[in-house]
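As a plain string of letters, each chain reads:
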Amino acid sequence: MNLYTYIILLLLFYIGYVKSDTVNLIYFQDGSNEKIIKSIVEDFNNYSQEKNLEIQLIDNIYSTVTTPESYSETIEFLLKSKSSKYDLIIHDMIDSKKLANYLTNLNEYISSPLFEMYSNGIVNDTYIINKNMIALPLYIEYSMLFSNQDLLDKYEKSIPKTWDDLINIAKFIMTEELNSGNEVFGYSADMTDTESGFASFYEYIYSFREKETDPYPKITNSEAVEAMKKLKKLKDELGEHGIRSNQNDINECLNSSNCLFVKTWNTAPHIGNYTVSNLPGHATGVTGSCLGGYNMGINKHISNKKKENVAKVINYFVSYEYQKDNILKYGVQSALKDIYDDSSICQKYKQCQDFRTIQPILRPIHAKDDYFDYSHRYRNFLLKYLYDDTDLNECLQNIEYLTKIFYEEESSLMNKIYIIIISVTVLYMIITYCLAFTKKHRGKFGLLNRFYWFLYMLGQIIIMCYGIAGMGETTNFKCQIRPIIFSVGFTLSNTILLVRMLINFPESERRFVRFCENNFGLTLIISLGIDTILNVINLIEPYEVESIIDGNIMYNKCKLGTMLGLLSLAIIFLYKILILIAMAILVFVEWNIKEFRHDIRYLTSTLFISFIIYFLFGMVQNINLGGYKERFFIPAMITYIYGLSCYSAYFVARFFSKYEDSESEESIIKKAIHGSDGKEKPLPGPLEKYSSSYSLNQSNSNVPSKRMSITDRLISLHNYGDEIKKSSDLIKSSNNSSNTNLSSSLSIFNPRKSSRSISNINDFNNLNHRPSQITAIPENRTTTSYGSASSHSNSNLTDSVGHDSNYSDEHINRSRTHSSDNLGTSFSRVNRINSTPNKTIMGSGMNKMRSYDNFSSIGFTRKGSNISFTKKTSQTNLSRKESVKSINDKTNNIKSNDCIVLVQSPIQENNEISSINNVTNNQNNDNKNNSNNSNNNDDNNNNNN
């Protein structure tokens, strides 16, 4: 060939090479795969030229990488650093899981028929990760036993079928050869601290199962114990050098005649007369062989065009035709199940026939997230037994702990006891709930109706069941459902108490109080709705299972690592804390309300328990409690104690409390009007500060007042909550009755529907009231009641602060103004008004005045008329033409057929004190004029008649 021809050929090659797209392949040389890789690269390049694919496949190796482990680490480093140097990554099949995040998903790059075939492949667990096909198998290999046929024939021995046969044959031949002056290694295998060593240990134990169809024996079972004892016997009798061989030692054995039995991959090259057979087993017909081989994946960081070219290369290698015609020809096994199921194909190749009988097993690459750490620790425990004489049971137990997730099994004794305790407690709750509504005790449970008491009990039961949801293995579902159980139970039980306390608020005319009173169920639903929304938000980034390694023990715990999840959880905890704080404030405000004194004491103990338990529960969720047992039992016992304690303190404690005997409604009404001792009692003076800031009857007074601080208001409500609540309830009842037509004289009071009917006013005799506040005056007795008034009442109608001075005790004959004097069943107010249209009051300075003129500070309405009468004062600022509704906002009229009960707000008490003092100074003068006024009144009455 002349120079010109050589140059032309080089130019043509250069042009073709430049025009073609190159695909760089990287692989590890293990001593047996170089020839195979070179052959398949050449096959593809020829195929590319024939099909004009314009793709050139180039193989690459790392000359400095000498072990499979270092090659795996190097490839992982390159891909993690987003290197695009290599396009097609050929790697050991056990590395696919580790490299999954850096390889391209092949679902969109391979044809559908191929996808279906390899989805059911022999080693599909090695390349289908999280339902993504991130690689495809190039070929697979498996462990086999290489037997020196020359030595076996010499001593007329056959290939061993069991490990006992192998030990006996090897020991016999070794002894005979040693007597002849030849040193022979009876058994050579890689059982060192390498990945190949792990495969040897793993398949060896697998070969000790009882039957061929049995699964891999549990590492602490008798099969594994017997296998390791047998292996130690093999080491002691055949020499430890044989089982500590590395790959170089094995290659030397296979290239010499000094080794009797060698265990290695079926692709290992060898010279001499070696017969390849299945590995021995514990019994004849039982064997085992670990699978190996290489997968192909596409670098995730290359361009899309490069990915398409690499996909064409992979499609060619994994096609049925290439696997059948080429892969088997190179002495390796295809991963396609259809090939070795086809007898017409498989019978042509020795390795295919062997594969049908080897009883293969894959290494447990999914046993842990970090398989390589698991493999390393697994084989090290076995090596400690073989060479350090460590206790075998301890070594096997530690291996079991590598993959065993510790948790409280439902069948354990502690869990059975816990379930029994929960069941007995629930039964105890149901029994006490039923007893609460018997005739003997139902009066003690009048705070709520039966339905809401049941919901309260249900909330506590839900909380106690928090521990049951943690039994068994920790899963994502359990991690997500347990916080919801605690949250819903806590909200359900405590919101019922909170709403009921809001209804008991002393200022019962507040809008939120009236809303809770009229919409108890709706308020509870709103609270649960807020709780549900917060928990749904928490499920967007929910809890996940995290494995914790504590020494040799591994267990799972729930972990919430995302910012959204942590924020939603913090809001849920804050929501619970706000409920507890609101309850604490209401306990302080309502502490002195006698009607609910028992309920407040029960709630105080419940609230104290809630704060402590809630703090402990939040603390144990965020600290390291120890092992898996502590992580289960401590939260379970905290929630159990919380549910039982709260239920007992707030519900069961009522059985042992003594409530006052209820009184008749009529006697309570009379006490409310007259007082328990027949005398009116003044309200305490310190209510003046509270009254000046807030009016219970919501007066529209134009007099400016200084607004109280929140602290002062809470203290006032705490100190005088009982008086404020009774006055507020009475006024609200009066307003309600003034808007309805009452037909019965006993319908004066209309207690709240959600409060106790009698107990609301049971202690009303303790209310400090003045005659100007609660007075029953029939119209037919107005003359006699006020006839003895001071002769100068016209000149001193009001005191210095604008209040009527005639309303003091000294100016009213109390013996003739009690409402009980007027409870006549035949008395008709309509007839009375119609029959005395011109009735006047006789007395000094009161001539020609109608009866209602003497009630100038009180507004009332004649029945059947829209005309109202009132006296303008500096406090009320009412005009004569104000509507009935406006007047009723200033005073409260409790009407019946026989009497009119005039109720004046206790807020005016502070203004009436000065009026009382002024009247006292003039008391003597008024008494002197009483006789003269009486005579004059008689004369005037005669003249009018």
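Residues numbered from 1 in each chain as written. Predicted model: local features only at pLDDT ≥ 70, side-chain atom pairs only at ≥ 80, totals over all residues. Heavy atoms only, no water.

## Here's the deal with the overall build of the chain
Okay, so step 1: When you go through the chain residue by residue, the secondary structure sums to 34 helices and 19 strands.
Okay, so step 2: Looking at the chain as a whole, 51% of its 945 residues are labelled buried.
Okay, so step 3: For the chain, long-range pairs separated by at least 24 residues make up 74% of all intrachain contacts whose partners lie at least 6 apart in sequence.
Okay, so step 4: Accessible surface, the chain: about 44200 Å² in total, of which carbon and sulfur atoms supply 53%. (Helix = DSSP H or I, 4+ residues; strand = E, 2+ residues; numbered from the N terminus. Buried < 20%, exposed > 50% of the residue type's maximum accessible area, 1.4 Å probe, protein only. Contact = heavy atoms within 4.5 Å. Areas by Shrake-Rupley, 256 points an atom, 1.4 Å probe, with all protein chains shown as cover.)

## Side note on unusual backbone geometry
Okay, so step 1: For Asn 52, which is not a glycine, the phi torsion comes out positive at approximately 55 degrees.
Okay, so step 2: As for its placement among the helices and strands, Asn 52 is situated in the loop between helix H2 (34-51) and strand S2 (55-61).
Okay, so step 3: Note on Asn 52: relative accessible area 61%, which makes it exposed.
Okay, so step 4: At Lys 131, a position not held by glycine, the phi torsion is positive, near 70 degrees.
Okay, so step 5: With relative accessibility at 76%, the residue Lys 131 sits in the exposed group.

## As for the confidence of the model for the chain
Okay, so step 1: Here the chain averages 75 in pLDDT, and 70% of its residues register 70 or above.
Okay, so step 2: pLDDT under 50 marks residues 661-686. Its contacts with residues more than four places away, or in other chains, come to 56 contacts.
Okay, so step 3: Per-residue pLDDT stays below 50 along residues 692-705; that stretch engages in 31 contacts with residues further than four places along the chain or on separate chains. (pLDDT = per-residue confidence, 0-100.)

## Let's talk about helix H17 (residues 371-388)
Okay, so step 1: Look at H17: 25 Å from first C-alpha to last across 18 residues, which is about the 26 Å you get at 1.5 Å a residue.
Okay, so step 2: Taken as a whole, H17 has its buried residues at Tyr 371, Tyr 374, Ser 375, Tyr 378, Arg 379, Phe 381, Leu 382, Leu 383, Tyr 385 and Leu 386.
Okay, so step 3: The secondary structure elements touched by the buried residues of H17 are helix H8 (195-206), helix H9 (222-238) and helix H18 (392-403).
Okay, so step 4: Phi turns positive one or two residues past the end of H17, at Asp 389, with a value near 55 degrees. (Expected span 1.5 Å × (residues − 1).)

## As for the side chain of Asn 45
Okay, so step 1: Relative to the elements of secondary structure, Asn 45 occurs in helix H2.
Okay, so step 2: Setting aside anything within four residues of it in sequence, one finds Asn 45 in contact with Ile 55, Gln 56 and Leu 57.

## A few points about the packing of helix H7 (residues 163-179) against H9
Okay, so step 1: Taken N-terminus to C-terminus, the directions of H7 and H9 make an angle of 5 degrees; their axes are 10 Å apart at the nearest point. With respect to their mutual orientation, H7 and H9 come out roughly parallel. Of the residues in H9, those in contact with Trp 163, Asp 164, Leu 166, Ile 167, Ala 170, Lys 171 and Met 174 of H7 are Lys 230, Leu 234, Glu 237 and Leu 238.
Okay, so step 2: Broken down by class, the residue content of the contact of H7 with H9 amounts to seven nonpolar, no polar and four charged. (Axes fitted to C-alpha atoms, helices over the stretch in contact; angles between N-to-C directions. Parallel < 35°, antiparallel > 145°, perpendicular 65-115°, else oblique. Nonpolar A, V, L, I, M, F, W, Y, C, P; charged D, E, K, R; others polar.)

## A look at a nonpolar patch on the surface
Okay, so step 1: Residues Leu 574, Ile 577, Leu 578, Ile 581, Ile 585 and Phe 611 make up a contiguous nonpolar surface patch of about 500 Å² in total accessible area.
Okay, so step 2: Here the nonpolar patch gets five residues from one element, more than from any other, and that element is helix H24 (residues 563-589).
Okay, so step 3: Structurally, Ile 585 is set in helix H24.
Okay, so step 4: Classification of Ile 585 by relative accessible area gives partly exposed; the value is 41%. (Patch = residues over 30% accessible without salt bridge, like charges linked within 9 Å, V, L, I, M, F, W, Y side chains within 5 Å. Salt bridge = Lys/Arg side-chain N within 4 Å of Asp/Glu carboxyl O.)

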